[in-house]
Amino acid sequence: MSSHGTPIPMTARKSGPLKGTAAVPGDKSISHRALIFGAMAVGETKITGLLEGEDVLDTAKAMQALGADVVREGAGEWTVHGVGVGGFTEPADVIDCGNSGTGVRLIMGAVATHDFCTTFTGDGSLRKRPMGRVTDPLALFGARSVGRSQGRLPLTLIGAAEPVPVEYETPVPSAQVKSAVLLAGLNAPGQTVVIEKEMTRDHTERMLVGFGAELSTETTPEGYHKITLTGRPELTPQEVAVPRDPSSAAFPVCAALIVEGSEVFVPGVSQNTTRNGLYTTLVEMGANITFENPRTEGGEPVADLRVKYSKLKGIEVPSDRAASMIDEFPVLSVVAAFAEGTTVMRGVKELRVKESDRIDAMARGLEACGVEIEEDHDTLIVHGRGAKGVKGGATCATHIDHRIAMSFLVMGLASEQAVTVDDGSPIATSFPVFEKLMAGLGAAITRNN
């Protein structure tokens, strides 16, 4: 049962060539951050291209609850009148972050160095996810938290009355943890330092600099990534143009690669090097993807993608690439099922604590569709079917996870038999126009009413 309401079973059937333009929505990670940094600036920030999925709308509501004036001016166009660093006020009610791990963890960081209490909750999926990885470093600033076992939601965060700056080395590669610490450091005196053994997506650092914060990055003698932020700046409002989301673009791109005869154009997709691991991997597998008109928009590198059906081969994905494509492994495992040979994905244990245990969810669904897999805690291996084709014919459990739902629907477009997902409703959290966009390309995806 979906916590979004009544489950929406959906089925994807073998389709003819996918053709046309796939104008995917704005980047989810950047949309969250644009709202939060706009709320922490002094004056009016204008945002265009904002993703209007449920996750991001929940963050907009949270910023309103904390005292910022957040207004939708039109489709994807929003203004945020910020309250300045340290200017948030105690919310009158519980902040519900829905399905969004990014939203809740970033907002926890933003309020952790304010002297008031904030209670957070979310949907059934989010309430299962571990929050200790964020509340532990926030405690170093002086914040306290009370939640369910393992620090799960609902959780109340008691902000630090007199925050202190922190130096923190992240134990696992996580842009959410890094960003929470940096957001807390904004309202702490002195310099807050975050050290990463593996560099993760850097949208927070880019946007902090864009809003006028004093931030520097360097490589340590050990080869680690060190970020230093000077606290209590006055952030300057900005005009933020949100590029299109590479994680959402992954679905029409991967569908085009496995549906014979397809050619799809995907304009304006972020090419941030901390996010483009999937595209590097697909090219290594033999994907016919051209990157046209490279340019910079909103401080982020973007390009237009032209994608054609390709005969792919299995590869071993380097484990040090995992952080740059962590959200794309589910759909990559689908592509791997159609490739010749074996695809090995290592260093992916972070997938077990996303919206669902994504390794388990994909492994069970792939098996049900006739694909041989191997797995352990940190590895997923897919033995591609290549010319033999993928049987399909199963109903796959989504576990209230939007990326699992979309991945198996992409699979059904090229499988011999239709593939059904038990609940497609979570797709709205990140890609509310998924069905319409895919139908426009010729994909045979239907709701089972």
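Here's what I pulled together on the structure shown here. (Residues numbered from 1 in each chain as written. Predicted model: local features only at pLDDT ≥ 70, side-chain atom pairs only at ≥ 80, totals over all residues. Heavy atoms only, no water.)

### Some words on the overall build of the protein chain
Next up, step 1: Along the backbone of the protein chain there are 12 helices and 24 strands.
Next up, step 2: On C-alpha atoms alone, the protein chain measures out to a radius of gyration of 21 Å, which is about the 22 Å that the 2.2 N^0.38 rule sets for 449 residues.
Next up, step 3: Counting all 449 residues of the protein chain, 60% fall into the buried class.
Next up, step 4: Within the protein chain, residue pairs in contact and separated by at least 24 positions form 77% of the contacts whose partners lie at least 6 positions apart.
Next up, step 5: Of the accessible surface of the protein chain, which amounts to about 15900 Å², a share of 48% is contributed by carbon and sulfur atoms.
Next up, step 6: Of the charged side chains in the protein chain, 42 are positive and 55 negative; the average position of the first set lies 5 Å away from that of the second. (Helix = DSSP H or I, 4+ residues; strand = E, 2+ residues; numbered from the N terminus. Rg over C-alpha atoms; globule rule 2.2 N^0.38 Å. Buried < 20%, exposed > 50% of the residue type's maximum accessible area, 1.4 Å probe, protein only. Contact = heavy atoms within 4.5 Å. Areas by Shrake-Rupley, 256 points an atom, 1.4 Å probe, with all protein chains shown as cover. Lys, Arg positive; Asp, Glu negative; His and termini not counted. Charge placed at Lys NZ, Arg CZ, Asp CG, Glu CD.)

### Remarks on the sheet that holds strand β6 (residues 95–96)
Next up, step 1: A sheet is described by the order of its strands in space; here four strands give the open sequence β6-β7-β9-β8, paired in mixed fashion. What marks the edges here is a single partner per strand, and that holds for β6 and β8 (144–148).
Next up, step 2: Pairing of β6 with strand β7 (residues 117–121) involves two bridges; the strand directions are parallel. Along β7, the bridge assignment pairs I95 with F120. (Pairing = 2+ DSSP bridges.)

### Overview of helix α11 (residues 402–412)
Next up, step 1: Within α11, 11 of the 11 residues are buried, which leaves the element mostly enclosed by the surrounding structure.
Next up, step 2: By the burial criterion, the buried members of α11 are H402, R403, I404, A405, M406, S407, F408, L409, V410, M411 and G412.
Next up, step 3: If you check the start of α11, you find a side-chain oxygen 3.0 Å away from the backbone N of R403, and it comes from D401. (Polar contact = N/O pair within 3.5 Å; in protein donor to acceptor, adjacent residues only side chain to side chain.)

### Description of the pairing of strand β9 (residues 152–158)
Next up, step 1: Note that β7 and β9 share four bridges and pair antiparallel. Across the sheet, residue F120 finds its bridge partner in β9, namely L155.
Next up, step 2: The pairing of β8 with β9 spans five bridges and is classified as antiparallel. Bridge assignment links V146 to a residue of β9, and that residue is T156.

### Some details on the environment of T59
Next up, step 1: Secondary-structure assignment places T59 in helix α2 (residues 54–65).
Next up, step 2: According to the relative accessible area criterion, T59 is buried, its value standing at 1%.
Next up, step 3: Spatially, the C-alpha atoms of T59 and F120 are 12 Å apart, while their sequence positions differ by 61 residues.
Next up, step 4: Residue contacts for T59: discarding those within four places in its chain leaves H32, L35, I36, G103 and I107.

### Section: unusual backbone geometry
Next up, step 1: Of note, the bond from L153 into P154 is cis; its omega dihedral lies within 30 degrees of zero at -5°.
Next up, step 2: Within the element layout of this structure, P154 appears in strand β9.
Next up, step 3: Look at H399: it is not a glycine, yet its phi comes out positive at around 55°.
Next up, step 4: Despite not being glycine, I400 shows a phi value in the positive range, around 55°.

### Overview of the pairing of strand β15 (residues 263–270)
Put simply, side chains in a regular strand alternate between the two faces of the sheet.
Next up, step 1: For β15, a buried count of seven out of eight residues is recorded, marking the element as mostly surrounded by other parts of the structure.
Next up, step 2: Where strand β2 (residues 19–21) meets β15, three bridges bridge the pair, whose relative direction is parallel. Across the sheet, G20 pairs through a bridge with V264, a residue of β15.
Next up, step 3: Alignment of β15 against strand β17 (residues 300–308), held across six bridges, turns out to be antiparallel. By the bridge assignment for β17, F265 is matched with R306.

### Things to note about the nonpolar core
Next up, step 1: Core analysis: the largest hydrophobic core is formed by 77 residues, its most contacted members being L282, F329 and M411.
Next up, step 2: Of the residues forming this core, the biggest block, nine residues, is contributed by helix α7 (residues 246–258).
Next up, step 3: Discounting chain neighbours no more than four positions away, the residues touching M411 are V334, A337, F338, L366, C369, V371 and V390.
Next up, step 4: Counting 62 residues, the second largest nonpolar core, distinct from the first, contains L51, L66, A68 and M108. (Core = buried A, V, L, I, M, F, W, Y, C linked by side-chain atoms within 4.5 Å.)

### Concerning the packing of helix α9 (residues 329–338) against helix α10 (residues 358–368)
Next up, step 1: It is at 10 Å that the axes of α9 and α10 come closest, and there the two elements cross at 25°. Here α9 is positioned roughly parallel relative to α10, judged by the angle of their axes. Of the two possible hands of crossing, α9 and α10 adopt the one that is right-handed. For the pair formed by α9 and α10, the contact residues are P330, S333, V334 and A337 on the first element and R358, M362 and L366 on the second.
Next up, step 2: Its residues assigned to classes, the contact of α9 with α10 shows five nonpolar, one polar and one charged. (Axes fitted to C-alpha atoms, helices over the stretch in contact; angles between N-to-C directions. Parallel < 35°, antiparallel > 145°, perpendicular 65-115°, else oblique. Left-handed = near helix turned anticlockwise from the far one by under 90°. Nonpolar A, V, L, I, M, F, W, Y, C, P; charged D, E, K, R; others polar.)

Don't take any of this as a statement about function, it's just geometry.
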